[in-house]
Amino acid sequence: MPKILYHLLKINPRETQFERRGFICSKPGVRERLQHVGRSFLEGYHAALQESDQEELIYRLAQIEVEYQGFAFEGAAMGLALLDGLSPWNRERFSRFAAGPGKQHLYMLHVGAGWALARLPWLRFRIESAVRKFHPILRWLAIDGYGFHEGYFHWQTDLQPKIEQLSQDARHVFYQGLGRSLWFVNGADVRLIAQTIATFAPQFRGDAWSGIGLGCAYAGGMNRSELDELRWRAGSHGPALAQGAAFAAKARERAGIPASHTELACTALCGISTEEASALCDEALRQLNPLHACPYQQWRELLQQTLPLHGIFDRPPAWVTQLDPDHRAF
């Protein structure tokens, strides 16, 4: 890749700093963890811009701390998809990587492709057509990536004009990505997350809670009592929150990069282990109707119906009975 193009496309690591983004986080340890996620993403992104040999790219990604490798692969996918979009004579980088050396991280790769589409206006304005070249089910994750990108970089602006350009199915997935971005924008703060989601249109709140489940289980940043509070504040959207956590477990299981915080999140939000959650994801996937208008959305719905959540919402966590005798949740 020509150096001049690399310098045009590179992203300053300062863009991942909470102060730069205006994000809120009262806990220094959590802030550092989430900023480290951003730096790992950029490591993968810049490696993809610099390495034309995909085996060399894999080698560089493998040097990143295992817990954060998924984010690096997501960033690499953004770089590859961005180069594809900018070079019509060579549009096979992403597809070759997804079918070959990067296939274990297939879920995160599609999310990363959505970041690239968000930065290519001629594709963003027809994003649903642009993603049709991807995997028939996982291509919807590119819409999730688009939603995350917009929430992460443009959370202070009105996103409704962009959302209104999407079909109803795509809006639901966009809101999942937008919800996932709140894990960073709101600094994994339980109450702030709940308050922010409460401002969304009611039909999309479950999608946002699904994104929160993905964010907290994949990126981490909460202890058990905070996860209990998160589950309680999700209220009737608890199944969506749990489904997001299960998807995070599946993504890490497929990639072979387990994390203790993912296990903790699945236990707290789903009532089962990451291994059991991953198996339920596979079971729901096998039940999909290939003719469904949005099989990814159907996958989410089937999983929400399948997760054995009975009992884990029956008793409020200790903080509720201590601070809120009426057991009210947002």
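Since the structure is predicted, the reported quantities are computational estimates derived from the model, not experimental observations. (Residues numbered from 1 in each chain as written. Predicted model: local features only at pLDDT ≥ 70, side-chain atom pairs only at ≥ 80, totals over all residues. Heavy atoms only, no water.)

(A) Geometry of the side chain of His172. By secondary structure assignment, the location of His172 is in helix α12 (residues 168-185). If we skip the residues at most four places from it in the chain, His172 touches Gln203, Phe204, Asp207, Gln297 and Arg300. (Helix = DSSP H or I, 4+ residues; strand = E, 2+ residues; numbered from the N terminus. Contact = heavy atoms within 4.5 Å.)

(B) Layout of the environment of Gly215. Relative to the elements of secondary structure, Gly215 occurs in helix α14 (residues 202-219). Separated by 60 residues in the primary sequence, Gly215 and Glu275 have C-alpha atoms spaced 18 Å apart. Discounting chain neighbours no more than four positions away, the residues touching Gly215 are Arg180, Trp183 and Gly220.

(C) Representation of the confidence of the model for the chain in the model. Of the residues in the chain, 93% have a pLDDT of 70 or more, and the chain-wide mean is 93. Considering only residues more than four positions removed or in separate chains, one finds that residues 321-330, a stretch of pLDDT under 50, has 15 contacts. (pLDDT = per-residue confidence, 0-100.)

(D) Just the packing of aromatic side chains, in detail. For the structure shown, the criterion picks out 23 aromatic pairs. Residues Tyr175 and Phe200 carry aromatic rings whose centres are separated by 5.4 Å and whose planes lie at 65 degrees to one another, so their mutual orientation is edge-to-face. Linking Tyr175 in helix α12 with Phe200 in the loop between α13 (190-197) and α14, this pair joins segments that are 25 residues apart in sequence. Phe200 shares its class with Tyr175; the two are buried. An aromatic cluster is defined as three or more aromatic residues linked by ring pairs; in this entry it consists of Phe18, Phe23, Phe41, Trp115, Phe148, Tyr152, Phe153, Trp155 and Phe184. If you follow Arg252 out to its NZ or CZ, it ends over the ring of Tyr218, 4.2 Å from the centre. (Phe/Tyr/Trp six-rings, centres within 6.5 Å; stacked < 30°, edge-to-face > 60°. Buried < 20%, exposed > 50% of the residue type's maximum accessible area, 1.4 Å probe, protein only. Lys NZ or Arg CZ within 6 Å of the ring centre and 35° of its normal.)

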